[in-house]
Structure formats: C-alpha cells, structure tokens
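A structural walkthrough
In case you want the letters, here they are:
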Amino acid sequence: MNDRPLLTYENKILALMSLTFGFVMFDRLALNMLLPFIAPELGLNNTQIGLLASGLGLAWAVSGYVVARVADRQQRRKQWFIASVVLFSLASISSGLATSFIALLATRICLGLAEGPVLPLAQTIMAAESSEHRRGFNLGILQNLSSSVLGNLLAPVVLVWLATAFSWRSAFFIASVPGLLLALLCARTLREPKAPVQASGVVAPAPGLRQLLANRNMVQSTVIACAMVTWLILQLIFLPIYLTKVRGMSAQHMGMLLSLAAISSVIAAVFVSKLSDVIGRRPTLIVFSLLGMVGPLGVVFLDASLGTLVVPLFIGYLACGCLPQAAATVPSESVPPHMLATAVAFAVGTAEIVGGFVAPLVAGAAGDAFAPSAPLLIAAGAALLSACTALFLHESAPLKLARMQRKQSLVA
C-alpha cells in the first residue's frame, strides 16, 4: 500500500506555486512578445523599449524586498502573496489599456511592483512546507519548470496568436485571467506557515539587512544569483540579434535554436534541482555554472549553424538550474526561519538590479565600444564568477550534511 500519497499538501502547493510563478513570467514576458504589434501603434523607439524593461525590473527588485520584509515582520506571507497575485493580474489588464509610452511605462512599473513579491513569498512558503530531502527539488521546480514552459515555450506562440487573431490589447486582457483564478485557488488551498518561535517561546522578530549581510552563505549565494541572472539576461537579449545580424543565421533557425535551449531549461528544473539534494548545493553550483560558459562561448567561436550550436546551447542552458539554488535554496537553508522571505527577496532583488538592469547597459555599451561578441563573453565570464564564488560556499543540503556527519562520527 502506498503510504506516501501523491496529493500531499506539499505536492499541492508545489504545483500551485509553480503554476502561479509560471504565469508571472508569462505576464512579464508578454511585452517582449507583443512589441512588434505595440511599437508601431505607440511609436516606441529603442530607448523607450529599454526603459519599459528597466522600469519593471527596478520596481520588481524594490517591491520584492520591501513586501517580503513586511511579510516577515507581520508573519502574514499568505495574505501578501495572494494580494500580489491579484494585483499583477490587474496590472496586466491595465497594460492593455495604455495609449501612450508614459501610460505603458506606468503600467509596467505597477506590474513590477505587484510581481516582485510573488517569487520570494512563494519560495518562502514552499521552503517552510518542504521535506528536507527534497527542498532543493521543490524550490527548483517552483522557479524553473512552469516559468520555462509558460514563459519561454508557450508565451511566444500563444501571445502572438492572440495579438494576430484579436489585438495586442486583447492579449494582455486574456493573459490576466489565469492569475485571478490562481489567486482564488491560493486563497482556498494555502495555509499560513507557522511563525518561527525562539527557545524562549517568543515569536522571532523580523530580521534587518545587517543580519543578512553578516551571513557568509547569504552574501555568496547573492553574488552567485547576480552572476547567473546576468548570464541568463544577456543571452536572452543579445543572442537573437548576434546570431542573425553578426553570424548570419536565419531567423527561423535562430528561433528553433532558442526553443531547443528552452527545453534544456525545463530539464534543468527537474534534474539539476534533484541532483542538488543528492550531491549537495556547492558541487551542483560549481559544475553547472561552468557548463553555463559552453553556450555563449560556442555561439562566439563555433560555426554558426543549427547543427553545430544546438549542442553547446543545450548543454549551457542546463545552468538555468543554478538560479533557484542560489536565489532561494541556499538562502533558505542558511538563515533562521524568521528571515526566510527577506533573505530570498534580498537575493532575488539584488540579482534583478545587477543582472536585469545594470548588466544589459554595461554589456550593450561594451558591444558598441569593443565588439558585438562582448555581451556574450561577459555572460560567459558571469558563469565563471558564479562557479568561483560557489567554491567558497558552506554546504547547506540536509542530506549531504547528514552524510558528512555520519562519516565524521565513524572516524571519531
């Protein structure tokens, strides 16, 4: 008889949180997919398009930290999470109502403010309900699986079809519906994680930034998160134009190549996350960060054909599995329970600012000043930085720590 049913509370909220964050990424990437329809109607130039992305990224980073800090203080993560899901759905609707650049920018900033808290709060709730032997698996699935499927695989097809069949405004309206339905499901299904209690019996206070920065693993995992977000964002931005404009690849082959890379990120969500539970966070981050260098270096130095580049990009995109380990799993295992939401939000928010806002500006300037390949070489360098930083992490995986303790007891 199966004494571990599939429909446990842990599995239910894993599916629910993963699906919710998947639609967050679906909404966030909607603008990118719909720009060919939006830009001509609103008369957007490249500078304005860049501001739309930067405004959303900064709002995402700031609100994620601030709301997570409040949620930790109030011990009301469920309520803030549901409110954020409702608000990002409404902000998606407002994007479809924009009639000017300023109006669209305002809606994208509102979207960033609403979406910022979703991931750190979801990871915090999931970490609190996860079994120790599968915490890395759960947090990796939550952050990578649905976001890869919905954001990278389905969003381009579904949103472009909606915009073609109806209008880009209708695409925004329809994209908001799943978020509202998921908010209702969360309200009915989620329970508030118990407030952590100190030995004295008093509820533990919310942490300050100084406490986070005093934690060595917290600082190092944040550096890794910044490096890996830089690695990912620079490829998302510069790979299409580099492959087509510099290496002469057809748009069709470029699209096929990036779709295959997206499949690799889906595999990484399951395989890399589970592997980290077994062999530990530190070796997983070292090995797969190094593999992340293979993709951008292959694009720069190998023959620009679909058959040649599919292998290095497929291998390289397995490094997507490092993102949830650095931004959520290691922080959640390295700080006290009352600091969870703030710790995850700090890592995610800092990575968003460095990798999503600063890095594209620096890489773009380097591409103009030196060579078109500079952004991709910077991406490879960011993956190397991640691997080097991971060398100095203290292992935090419960299964790996238990094995180490058993070996030490046998030696003693």
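This text follows the structure it describes.
The structure reproduced in this document is the subject of the present report. (Residues numbered from 1 in each chain as written. Predicted model: local features only at pLDDT ≥ 70, side-chain atom pairs only at ≥ 80, totals over all residues. Heavy atoms only, no water.)

Describing helix H1 (residues 9–42)
To keep it simple, the criterion reads: The way it works is that DSSP assigns letters per residue, a run of H or I at least four long becomes a helix, a run of E at least two long becomes a strand, and they are numbered from the N terminus. Here the expected length of a helix is defined as 1.5 Å per residue gap, with one fewer gap than residues. The angle between axes fitted to the seven-residue stretch ending at a residue and the seven-residue stretch beginning at it gives the bend at that residue. Per-residue accessibility, obtained with a 1.4 Å probe over protein chains only, is compared with the maximum for each type, and a residue is labelled buried under 20%, exposed over 50%, and partly exposed between these values.
With 34 residues, H1 extends 46 Å from end C-alpha to end C-alpha; this agrees with the ideal 50 Å at 1.5 Å per step. Of all the bends in H1, the greatest, near 70°, is centred on Leu35, and the proline Pro36 appears no more than four residues after it. Within H1, 25 of the 34 residues are buried, which leaves the element mostly enclosed by the surrounding structure. Of the residues one or two after H1, Gly43 is the one with positive phi, at around 65°.

Notes on the nonpolar core
Note that soluble globular proteins tend to have their nonpolar side chains buried in a common cluster. Heads up, the condition is: To form a nonpolar core, buried Ala, Val, Leu, Ile, Met, Phe, Trp, Tyr and Cys residues must be joined to one another through side-chain atoms within 4.5 Å. In what follows, a contact means two residues having at least one pair of non-hydrogen atoms within 4.5 Å.
Counting residues in hydrophobic clusters, the biggest one holds 118 residues, and the most contacted among them are Ile38, Leu44, Phe81 and Trp231. A total of 17 residues in this core trace back to one element, the largest contributor, which is H1. Aside from chain neighbours lying at most four places away, what touches Trp231 is Gly292, Pro296, Gly316, Tyr317, Ala319, Cys320, Ala379, Ala382 and Ala383.

Description of the pattern of salt bridges
Where we set the bar: For this document, the term salt bridge refers to a Lys or Arg side-chain nitrogen within 4 Å of an Asp or Glu carboxyl oxygen.
In the structure shown here, the tally under the stated rule is six salt bridges. The shortest N-O distance in the salt bridge between Arg281 and Asp277 comes to 2.8 Å. Taken as a pair, Arg281 and Asp277 share a single burial class, namely buried. The network of salt bridges with shared partners includes Arg135, Asp277, Arg281 and Glu333.

Some remarks on the environment of Arg216
Structurally, the position occupied by Arg216 is in helix H10 (residues 216–246). Separated by 14 residues in sequence, Arg216 and Thr230 place their C-alpha atoms 21 Å apart. Sequence-distant contacts of Arg216, defined by excluding residues within four places in its chain, comprise Phe392 and His394.

Thoughts on helix H11 (residues 251–279)
In plain terms, the rule: In protein, a polar contact requires one atom able to donate a hydrogen and another able to accept it; more generally it is a pair of N or O atoms within 3.5 Å, and residues adjacent in sequence count only if both atoms are side-chain atoms.
With 29 residues, H11 should reach 42 Å at 1.5 Å per residue; the first-to-last C-alpha distance of 40 Å fits that figure. Of all the bends in H11, the largest measures some 35° and sits at Ala268. For H11, the N-terminal cap is Ser250; the gap from its side-chain oxygen to the backbone nitrogen of His253 is 3.1 Å. Just beyond H11, the residue with positive phi is Gly280, at close to 110°.

As for a nonpolar patch on the surface
Let me state the cut-off plainly: Nonpolar side chains (Val, Leu, Ile, Met, Phe, Trp, Tyr) within 5 Å and like charges within 9 Å form the patches, drawn only from residues with over 30% relative accessible area and no salt bridge. Only the protein chains shown count as covering a residue, and every accessible area follows the Shrake-Rupley method with a 1.4 Å probe.
Taken together, the side chains of Leu58, Ile353, Val354, Val358, Val362 and Ile378 define a hydrophobic patch exposed on the protein surface, amounting to about 400 Å² of accessible area. In terms of residue count, helix H16 (residues 340–369) provides more of the nonpolar patch than any other element does, four residues in total. Here Val354 lies in helix H16.

Section: the packing of aromatic side chains
As a reminder, the rule being used: Here a pair means two rings of Phe, Tyr or Trp (six-membered ring of Trp) with centres within 6.5 Å. Their orientation is stacked below 30 degrees between planes, edge-to-face above 60, and tilted elsewhere.
Per the stated rule, a full pass over the model turns up six aromatic pairs. Note on Trp231 and Tyr317: the rings are 5.7 Å apart at their centroids and 50° apart in plane angle, and the pair reads as tilted. Separated by 86 residues along the polypeptide, Trp231 in helix H10 and Tyr317 in the loop between helix H14 (306–316) and helix H15 (322–334) bring together distant segments of the chain. For Tyr317, a relative accessible area of 6% corresponds to the buried category. Judged by centre distance (6.3 Å) and plane angle (75°), the ring pair of Phe271 and Phe288 falls under edge-to-face.

Let's talk about the packing of helix H5 (residues 118–129) against H16
Selection criterion: An axis is simply a line fitted to the C-alpha atoms; with a helix, the fit covers only the stretch in contact. Between two such axes, the angle follows the N-to-C directions and lies from 0 to 180 degrees. For classification, angles of less than 35 degrees are called roughly parallel, those exceeding 145 degrees roughly antiparallel, those between 65 and 115 degrees roughly perpendicular, and all remaining angles oblique. In this scheme, a crossing is called left-handed if the near helix is turned counterclockwise away from the far one by less than a right angle; it is called right-handed if the turn is clockwise. Lys, Arg, Asp and Glu make up the charged group, whereas Ala, Val, Leu, Ile, Met, Phe, Trp, Tyr, Cys and Pro make up the nonpolar group; the residues left over, Gly among them, are polar.
Closest axis-to-axis distance for the H5/H16 pair is 8 Å, and the angle between their directions is 135°. Considering their axes alone, H5 and H16 lie oblique with respect to each other. Crossing handedness for the pair H5 and H16: right-handed. Contact residues: H5 offers Leu119, Pro120, Leu121, Gln123, Thr124 and Ala127, while H16 offers Leu340, Ala341, Val344, Ala345 and Val348. Here the residues of the contact of H5 with H16 sort into nine nonpolar, two polar and no charged.

Digging into the side chain of Thr222
As for its placement among the helices and strands, Thr222 is situated in helix H10. The buried category is assigned to Thr222, whose relative accessible area is 6%. Once residues within four sequence positions are removed from consideration, Thr222 is found in contact with Phe346, Ala347 and Thr350.

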